[in-house]
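# Results of the structural survey
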Amino acid sequence: MSSHASTPAAGSAHTLPSYLQADNLGPWGIYLQQVDRVTPYLGHLARWVETLKRPKRALIVDVPIELDNGTIAHFEGYRVQHNTSRGPGKGGVRFHQDVTLSEVMALSAWMSIKNAAVNVPYGGAKGGIRVDPKTLSMGELERLTRRYTSEIGIIIGPTKDIPAPDVNTNGQIMAWMMDTYSMNVGATATGVVTGKPVDLGGSLGRVEATGRGVFTVGVEAAKLTGLAIEGARVAVQGFGNVGGTAGKLFAEAGAKVVAVQDHTGTIYNGKGLDVPALLTHVKANGGVGGFAGADSMNPGEFWGVDCEILIPAALEGQITKDNAGKIKAKLVIEGANGPTTPEADDILHDKGVLVLPDVIANAGGVTVSYFEWVQDFSSFFWSEDEINARLVRIMQEAFAGVWQVAQEHKVSLRTATFIVACQRILHAREMRGLYP
Ligand code: NAD
């Protein structure tokens, strides 16, 4: 080995390019802080830790489209592959007016962590377009999606990097992405994206997968902490795909969903809401507001509701230093990505609230995306029962491993998940070695 190995030089932590440095606690800064926190636990693998502090590859693309009124509009798009040591890049595509390269970098890094935490054979990636899709017609949205896919087509592919839906993207957008990629390569390549409609190589069980994963890790944590699910009071923020499914499964297991908040209102019923009726109401009305079987509540009171289990399943940055102190739950299960700020995390930890972090709690979605990809490759599709059983097994095993590390090192489950994931990624990096 070179005697210069320990000399700070180009490529060391001291010379991170400016765009990689954390000048504030935006998402990338939070991620770097999380990596620093686990570095002391990485043993000899700490030698490789810099690899986690830089994305492997980041592509910025110009996405020009002709609007319906005949003008040409340009949008900025990104695809970042944070790490591919354990397998191809994997992660969603977000269409949002506030998307930035730095945010996509952080989201891609969290995908590396999440995929390693549940031990699916992927690296981490993420993409996005800085656009408010609500301002576009269907035709414009399709042209935007297809041009973006063509532009990032040089780095994605079924064995290279596999996008999926994220904020404001869905099965239809995945179908357009799959078709565009397939047209460009001259063959139908269903495995280039996941989260596709079932008739186009999508997987059964994908829609409910994230909520089912949230429920599964919640049940495991409850067992380990002596909390009975039967009769436990549950509060859920966000009653969409993730929160609605998790709420339904907890209610089916005998818990009482007492409070739900979404963008249309906050509702409460101390005896337990009728969850199937609430899901029907949400489907018909677009939100929980106006649901007959509950009282409406001041939104600010939601976080202080008497409950044992709290599930943030809506947006980022919801549990903050201003409301964390009010939380009465014993267990917080992060269905959403990044719902708890680092200051709030510390407050909850000091109060003895157990937080099941996003990087493990909401990994059910990517786990079934992995099943979708495997099924596409083999062109053989599994039953929903088979998918759910495999999902539950993976989530239980992953959670047990993280729990053990948390006990061993006396650290939070978030830090433990990072330890497990970073070790897996860096071990793969070490075994592969540096090329050339
Ligand atoms: P969704 O669009 O189906 O539901 C979002 C919910 O959040 C809706 O009930 C909406 O009313 C609510 N909401 C929006 N703004 C709100 C506000 N200001 N206050 C309170 N509630 C508000 O989305 P989803 O797929 O359920 O995703 C929810 C979260 O889970 C996101 O953070 C997402 O990134 C994360 N996540 C989703 C998946 C997945 O497979 N769907 C996987 C991993 C993580």
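Since we're looking at a predicted model, the values are computed, not measured.

## Some details on the overall build of the protein chain
- When helices and strands are tallied, the protein chain shows 12 helices and 12 strands.
- Taken over the C-alpha trace, the protein chain has a radius of gyration of 22 Å; the compact-globule value for 436 residues is 22 Å, and the two agree within 12%.
- Taken along the three principal axes of its C-alpha coordinates, the protein chain extends 65 × 60 × 45 Å.
- Relative to its 436 residues, the protein chain shows a buried fraction of 56%.
- Counting only contacts in the protein chain whose residues sit at least 6 apart along the sequence, the fraction spanning at least 24 positions is 68%.
- For the protein chain, the exposed surface amounts to about 18,600 Å²; the carbon and sulfur share of it is 53%.
- Here the protein chain holds 39 positive side-chain charges and 43 negative ones, and the gap between their average locations is 5 Å.

## Comments concerning the domain arrangement of the protein chain
- For the protein chain, the assigned domains read domain 1 (1-53), domain 2 (55-190) and domain 3 (207-361).
- Centre-to-centre separation of domain 2 and domain 3, based on C-alpha positions: 29 Å.
- Contacts between the two partners involve seven residues from domain 2, matched on the other side by five residues from domain 3.
- Surface buried jointly by domain 2 and domain 3 totals about 490 Å² across both partners, of which 50% is contributed by carbon and sulfur atoms.
- Looking only at domain 2, the three residues that lose the most surface to domain 3 are R94, K114 and A117, adding up to 55% of its buried area.
- Put simply, domain 2 and domain 3 have one salt bridge between them.
- For E316, the salt bridge identified is with R94, shortest N-O distance 3.0 Å.
- Across the contact surface, domain 2 and domain 3 share two residue pairs in polar contact (both at pLDDT 80 or more).

## Here we look at the packing of aromatic side chains
- Inspection of the entire model under this criterion finds 10 aromatic pairs.
- With centroids separated by 4.9 Å and ring planes inclined at 80 degrees, the aromatic side chains of F215 and F250 adopt a geometry described as edge-to-face. Here F215, found in helix α5 (residues 206-225), pairs with F250, found in helix α6 (residues 241-252); they are 35 residues apart in sequence, far enough to count as distant. Accessibility assignment for this pair places F215 and F250 in one class, buried.
- Judged by centre distance (6.0 Å) and plane angle (40 degrees), the rings of F399 and W403 are tilted. Of this pair, F399 and W403 both sit in helix α11 (residues 384-409), four residues apart, which is roughly one turn of that helix.
- A relative accessible area of 16% means that W403 is categorised as buried.
- The rings of Y122, Y370, F371, W373, F377 and W382 are connected pair by pair, giving a single aromatic cluster.

## Brief notes about the side chain of K114
- By the element assignment, K114 lies in helix α2 (residues 101-117).
- Side-chain polar atoms of K114 contact the side chain of N362, separated by 2.6 Å.
- Non-local contacts of K114, meaning those with residues more than four positions away in its chain, are made with N337, D358, V359, N362, A363 and V366.

## Re the site of the ligand
- In the vicinity of the ligand there are 17 residues, among which T210, F239, N241, V242 and H263 approach most closely.
- One nitrogen or oxygen atom from the side chain of T210 is found 2.6 Å from an oxygen atom belonging to the ligand.
- Here H263 contributes a side-chain N or O atom positioned 2.5 Å from an oxygen atom of the ligand.
- Contact with the protein chains removes 70% of the 830 Å² of surface that the ligand exposes when unbound.
- Secondary structure elements with two or more residues in the shell around the ligand: α5 and α6.
- In terms of residue class, the shell around the ligand is built from six nonpolar, nine polar and two charged.

## With respect to the pairing of strand β2 (residues 72-83)
- Within β2, nine of the 12 residues are buried, which leaves the element mostly enclosed by the surrounding structure.
- Sheet topology note: the strand β1 (residues 57-66)/β2 ladder contains 10 bridges and is antiparallel. Of the residues in β2, the one forming a bridge with V63 is F75.
- Inspection of the sheet shows β2 paired to strand β4 (residues 124-130) by six bridges, in the antiparallel sense. From the neighbouring strand, Q81 faces β4, where its bridge partner is A125.

Reading guide: rules and limits
- Residues numbered from 1 in each chain as written.
- Predicted model: local features only at pLDDT ≥ 70, side-chain atom pairs only at ≥ 80, totals over all residues.
- Heavy atoms only, no water.
- Helix = DSSP H or I, 4+ residues; strand = E, 2+ residues; numbered from the N terminus.
- Rg over C-alpha atoms; globule rule 2.2 N^0.38 Å.
- Buried < 20%, exposed > 50% of the residue type's maximum accessible area, 1.4 Å probe, protein only.
- Contact = heavy atoms within 4.5 Å.
- Areas by Shrake-Rupley, 256 points an atom, 1.4 Å probe, with all protein chains shown as cover.
- Lys, Arg positive; Asp, Glu negative; His and termini not counted.
- Charge placed at Lys NZ, Arg CZ, Asp CG, Glu CD.
- Domains from an automatic or database assignment.
- Buried area = accessible area lost by both parts, 1.4 Å probe.
- Salt bridge = Lys/Arg side-chain N within 4 Å of Asp/Glu carboxyl O.
- Polar contact = N/O pair within 3.5 Å; in protein donor to acceptor, adjacent residues only side chain to side chain.
- Phe/Tyr/Trp six-rings, centres within 6.5 Å; stacked < 30°, edge-to-face > 60°.
- Near = heavy atom within 4 Å.
- Nonpolar A, V, L, I, M, F, W, Y, C, P; charged D, E, K, R; others polar.
- Pairing = 2+ DSSP bridges.

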